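Chain by chain, the residues run as shown.
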Amino acid sequence: AHNNRRWSPRFTPAIGGVERLLAQPDVNTMIGVRDRAILELLYATGLRAAELLGLACHQVSLGDPDRIIAVMGKGQKERIVIYNQITQTWLRYYLRVARPQLLIRAGASPDHTPQFFVQHRPAGGLSYPVLRRMIRGYANAAGLPLLTAHSLRHAFASHLYQGGANLRVVQELLGHSHLATTCAYARPAIDFM
């Protein structure tokens, strides 16, 4: 029903919509485990798509109780992002079980592939078009046709803000230089059931 609406960067799914999206990947498959880990991480941290794709294994600390990732953001500025326990569980499962199998299928060596998120085809690393197509497919299945990786960044910020987080904290977590930019992210969500 929403297909004729133009995509707007202000589209932010409600919490229920995000939960439906997260439930879409088939986690009985290795691709599904990877995709669930990606969606969980995007929503838990507000990472930009480029930051997610640029993640190297050594940046992701999966040891308890760390749950942090050092990200190289815009303008070569490093920031620390924090994620929750559910995301940690999916990231660990992906790293230990799915990632090695995907790399074997791609004919790549797990030890010689620095990129954290990989695909099962030769080339190993995940690319932006693959990520965009993957998110669009799950979003359509969840009834959220306007959703993109960037929408999850908006959702992360607005749900944090609605939950009572200080705007400066949200700014820090998003890696914004200016608070005015953060304000646009923290607007109330457009509720899609």
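Residues numbered from 1 in each chain as written. Predicted model: local features only at pLDDT ≥ 70, side-chain atom pairs only at ≥ 80, totals over all residues. Heavy atoms only, no water.

What to know about the packing of helix α1 (residues 15–22) against helix α2 (residues 30–45)
For clarity, the cut-off: In this analysis an axis means a line fitted to C-alpha atoms, helices contributing only their contacting stretch, and an angle means the value between N-to-C directions, from 0 to 180 degrees. Helix numbers and strand numbers start at the N terminus; a helix is a DSSP run of H or I with at least 4 residues, a strand a run of E with at least 2. With respect to orientation, any angle under 35 degrees is reported as roughly parallel, any angle over 145 as roughly antiparallel, any angle of 65 to 115 as roughly perpendicular, and every other angle as oblique. Two residues form a contact once any of their heavy atoms are found within 4.5 Å. Each residue is assigned to one class: nonpolar for Ala, Val, Leu, Ile, Met, Phe, Trp, Tyr, Cys and Pro, charged for Asp, Glu, Lys and Arg, and polar for all the others, Gly among them.
At their nearest, the axes of α1 and α2 sit 10 Å apart, and the two run at 155° to each other. Between α1 and α2, the crossing angle belongs to the class labelled roughly antiparallel. Only R36, L39, E40 and Y43 of α2 make contact with α1, whose side of the interface consists of I15, V18, L21 and L22. Residues of the contact of α1 with α2, tallied by class, amount to six nonpolar, no polar and two charged.

Structural notes on the nonpolar core
As a reminder of what qualifies: Residues belong to a common nonpolar core when they are buried Ala, Val, Leu, Ile, Met, Phe, Trp, Tyr or Cys residues joined through side-chain atoms within 4.5 Å. Each residue gets one of three labels from its accessible area relative to the maximum for its type: buried under 20%, exposed over 50%, partly exposed in between, using a 1.4 Å probe on protein chains only.
L21, L41, Y94, F117 and L131 are the most contacted members of the largest nonpolar core, which totals 47 residues. Breaking this core down by element, the ones donating at least two residues are α1, α2, α3 (49–53), β2 (68–72), α4 (85–106), α5 (128–141) and α6 (149–162). Of the residues forming this core, the biggest block, nine residues, is contributed by α2. Look past the residues within four positions of L41 in its chain and what remains in contact with it is G46, L47, L52, L55, I69, Y83, T87, L91 and F117. Residues A157, A165, L173 and L174 belong to the second largest nonpolar core, which totals seven residues.

Topic: the environment of L146
In this structure, L146 sits in the loop between α5 and α6. We classify L146 as buried; its relative accessible area is 9%.

Focus on helix α7 (residues 167–174)
This is how the line gets drawn: Arc definition: it is the arc formed by the directions from the helix axis to the C-beta atoms. Definition of a polar contact: a pair of N or O atoms within 3.5 Å, with one able to donate and the other able to accept a hydrogen when the atoms are protein atoms, and with sequence-neighbouring residues admitted only if both atoms are side-chain atoms.
Turning to α7, its buried residues number three or more, namely L167, V170, Q171, L173 and L174. Buried residues along α7 cover an arc of 165° about the axis, so they all sit on one side. For α7, the exposed residues lying more than 90 degrees away from the buried face are R168 and E172. Considering only its buried residues, α7 is in contact with α2, β3 (78–82), α6 and α8 (179–185). Its side-chain oxygen at 2.6 Å from the backbone nitrogen of R168, N166 defines the N-terminal cap of α7. Count one or two residues on from α7 and you reach G175, which has phi positive near 75°.

Comments concerning the environment of Q59
With respect to the helices and strands, the residue Q59 is situated in the loop between α3 and β1 (60–61). On the basis of relative accessible area, Q59 is assigned to the buried category, the value being 17%. Q59 sits 56 residues away from Q115 along the chain, and the two C-alpha atoms are 9.8 Å apart. When near neighbours in sequence (up to four residues on either side) are disregarded, Q59 contacts G54, I68, I69, A70, V71 and M72. A polar contact of 2.7 Å, which involves the side chain of Q59, links it to the backbone nitrogen of A56. A distance of 2.8 Å separates a polar atom in the side chain of Q59 from the backbone oxygen of A70.

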